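# Results of the structural survey
The chain contents come next:
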Amino acid sequence: MQTAHDSIARPTSLSATFIYSQKKQIVTALSYDHYWDRNIYHFIGSAGYSKFPTIFYGIGNQAPDSNGENFTPKSLSLFLNLHKKIRHGLYLGGQYELDYTQLAKIKSKGNLDTNDVAGKQSGASSGLGAAAHWDTRDNTLYPRSGSYDQMSVMPFAGIFGSHYKFIRITLDVRQYFSLWETHVLAYQIYANVITGHPPFYKMSLFGGSNIMRGYYEGRYRDRDMLAFQAEYRLPVWWRFGIVGFAGYGDVAHRVSDFRIKDFKYSIGYGIRFGIDQQNRLNIRLDIGYGKKSAYPVIAFQEAF
């Protein structure tokens, strides 16, 4: 059944990123998010290429800081996701993901050089899967009410051109509550479970700009990850707003290996500036703090 809420066209977003350094390090990315035909169809696509140094600390939730070593991957990525609305709020569809990565530079006699780590050789991760999401948010860029719940199952296998065989199951639950007119309380429950033998760069990566802010992305990595985070958002003056957030989560080799006593915390605050008030698009500056770490983030749109 079509409702008045369904008939309101949701905003289309197109974003591009280009970074180039004097050391010939490069990051390029293009993403597109589009609803059409009275929001019946929803397409998300992204493509990118990067050759940029990052840090590998090892695999597992106890990897020490002293293990950190620089490596430079050259990666070509493609993601396509098409959904169709089945009923109000419910979308079903399929998705395709491709990642071809080659390690251009690793530390001599380091962990990647001396250990048998899946993914240190050039290879493709190619998967075709199914996804469903329930979306009742009042706005996709800055929700004040409603929920967004998504589940996807992505098999990566030789039949799709993949050099690695694994299955990734992802559950993402988000809820938004409007308080005192323009104040918003939001929370997210995120679970990523991988079976099989993924390359180390396709494992669950703990930290970054969206989940468990306060940690370098990939500070901890393993097959599985569980995380919970909450955020309080409120306007302050003109186009400015502030947020406070906190998170709790960890990675593990198997779901049965998770231990609450090993979970790691994240806490922080941020500033928002509205660059498109009609569609509620913000640029954000967040500073997150984790266990013995701090991580600043500048990005468009909310973390979740």
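Shown above is the structure to which this text applies.
Let me sum up the structure you'll find in this document.

Here is what the cut-offs are and how they apply
- Residues numbered from 1 in each chain as written.
- Predicted model: local features only at pLDDT ≥ 70, side-chain atom pairs only at ≥ 80, totals over all residues.
- Heavy atoms only, no water.
- Helix = DSSP H or I, 4+ residues; strand = E, 2+ residues; numbered from the N terminus.
- Rg over C-alpha atoms; globule rule 2.2 N^0.38 Å.
- Buried < 20%, exposed > 50% of the residue type's maximum accessible area, 1.4 Å probe, protein only.
- Contact = heavy atoms within 4.5 Å.
- Lys, Arg positive; Asp, Glu negative; His and termini not counted.
- Charge placed at Lys NZ, Arg CZ, Asp CG, Glu CD.
- Phe/Tyr/Trp six-rings, centres within 6.5 Å; stacked < 30°, edge-to-face > 60°.
- Lys NZ or Arg CZ within 6 Å of the ring centre and 35° of its normal.
- Core = buried A, V, L, I, M, F, W, Y, C linked by side-chain atoms within 4.5 Å.
- Salt bridge = Lys/Arg side-chain N within 4 Å of Asp/Glu carboxyl O.
- Patch = residues over 30% accessible without salt bridge, like charges linked within 9 Å, V, L, I, M, F, W, Y side chains within 5 Å.
- Areas by Shrake-Rupley, 256 points an atom, 1.4 Å probe, with all protein chains shown as cover.
- Polar contact = N/O pair within 3.5 Å; in protein donor to acceptor, adjacent residues only side chain to side chain.
- Pairing = 2+ DSSP bridges.

## Quick word on the overall build of the protein
For the protein, the count of helices and strands is two helices and 17 strands. Against the globule reference of 19 Å for 304 residues, the protein gives a C-alpha radius of gyration of 20 Å, in line with a compact fold. The principal-axis extents of the C-alpha atoms in the protein amount to approximately 60 × 45 × 45 Å. Counting the 304 residues in the protein, one finds 42% classified as buried. For the protein, the share of sequence-separated contacts (at least 6 apart) that also reach a separation of at least 24 residues comes to 56%. For the protein, the centre of its 34 positive side-chain charges and the centre of its 24 negative side-chain charges are spaced 4 Å apart.

## A short note on the packing of aromatic side chains
Under the criterion given, the structure shown has 22 aromatic pairs. When the ring of F206 is compared with that of Y220, the centres are 5.9 Å apart and the planes differ by 80 degrees; the resulting orientation is edge-to-face. Linking F206 in strand β11 (residues 204-206) with Y220 in strand β12 (residues 220-222), this pair joins segments that are 14 residues apart in sequence. Per residue, the accessibility class of F206 equals that of Y220, and both read buried. Among the aromatic side chains, those forming a connected cluster through ring pairs are F56, F71, F200 and Y201. Geometry around F245 places R213 over its ring, the cationic atom sitting 3.8 Å from the centre. Positioned over the ring face of Y220 is R219, at 4.4 Å from the centre of the ring.

## Comments concerning the nonpolar core
Counting residues in hydrophobic clusters, the biggest one holds twelve residues: F56, F71, L103, L112, V117, M154, F156, Y164, F166, I194, F200 and Y201. Aside from chain neighbours lying at most four places away, what touches F71 is F52, P53, T54, I55, F56, L103, K105, I106, L112 and F200. Membership of the second largest hydrophobic core comes to nine residues, among which are I211, Y220, M225 and A227.

## Quick notes on the pattern of salt bridges
Close approach of charged atoms lets side chains of opposite charge pair. The final tally for this structure, using the stated rule, is 18 salt bridges. Between E231 and R213 there is a salt bridge, with its nearest N and O atoms 2.8 Å apart. Taken together, the residues span a long stretch of sequence, with E231 in strand β13 (residues 224-237) and R213 in the loop between β11 and β12 at a distance of 18 residues. Comparing E231 with R213 shows no difference in burial state: the two are buried. Salt-bridge contacts for D257 lead to R254; the nearest nitrogen and oxygen are separated by 3.4 Å. Residue D257 is classed as partly exposed on the basis of its relative accessible area of 30%.

## Brief notes about a nonpolar patch on the surface
Together, V236, W237, W238, F240, I242, I271, L285 and I298 make up a nonpolar patch on the protein surface, roughly 880 Å² of accessible area in all. Those elements giving two or more residues to the nonpolar patch turn out to be β13 and β14 (240-252). Within the secondary structure, W238 is located in the loop between β13 and β14.

## Thoughts on the side chain of Q150
Its place among the elements puts Q150 in strand β8 (residues 146-156). Within the structure, the side chain of Q150 is placed 2.9 Å from the side chain of Y148, a separation counted as a polar contact. Setting aside anything within four residues of it in sequence, one finds Q150 in contact with A132, H133, T170, L171 and D172.

## Things to note about the environment of N282
Within the secondary structure layout, N282 lies in strand β16 (residues 281-290). Under the relative-accessibility criterion, N282 is labelled buried at 11%. A sequence separation of 146 residues divides N282 from T136, and the C-alpha atoms of the two residues are 20 Å apart. Setting aside chain neighbours within four positions, we find N282 in contact with Y142, R272, F273, G274, I275, A299, F300, Q301 and E302. Only 3.2 Å separates the side chain of N282 from the side chain of E302, close enough to count as a polar contact.

## Let's talk about the pairing of strand β17 (residues 293-300)
In terms of strand pairing, β16 meets β17 through eight bridges, oriented antiparallel. Bridge pairing in β17 places L285 opposite I298. Once β16 ends, the chain turns through two residues before running back antiparallel as β17, passing K292 with a positive phi of about 60 degrees.

## Remarks on unusual backbone geometry
One non-glycine residue, K109, lies in the positive phi region at around 65 degrees. In this fold, K109 is placed in the loop between β6 (90-105) and α2 (111-114). At W238, a residue that is not glycine, the phi angle is positive and equals roughly 55 degrees.

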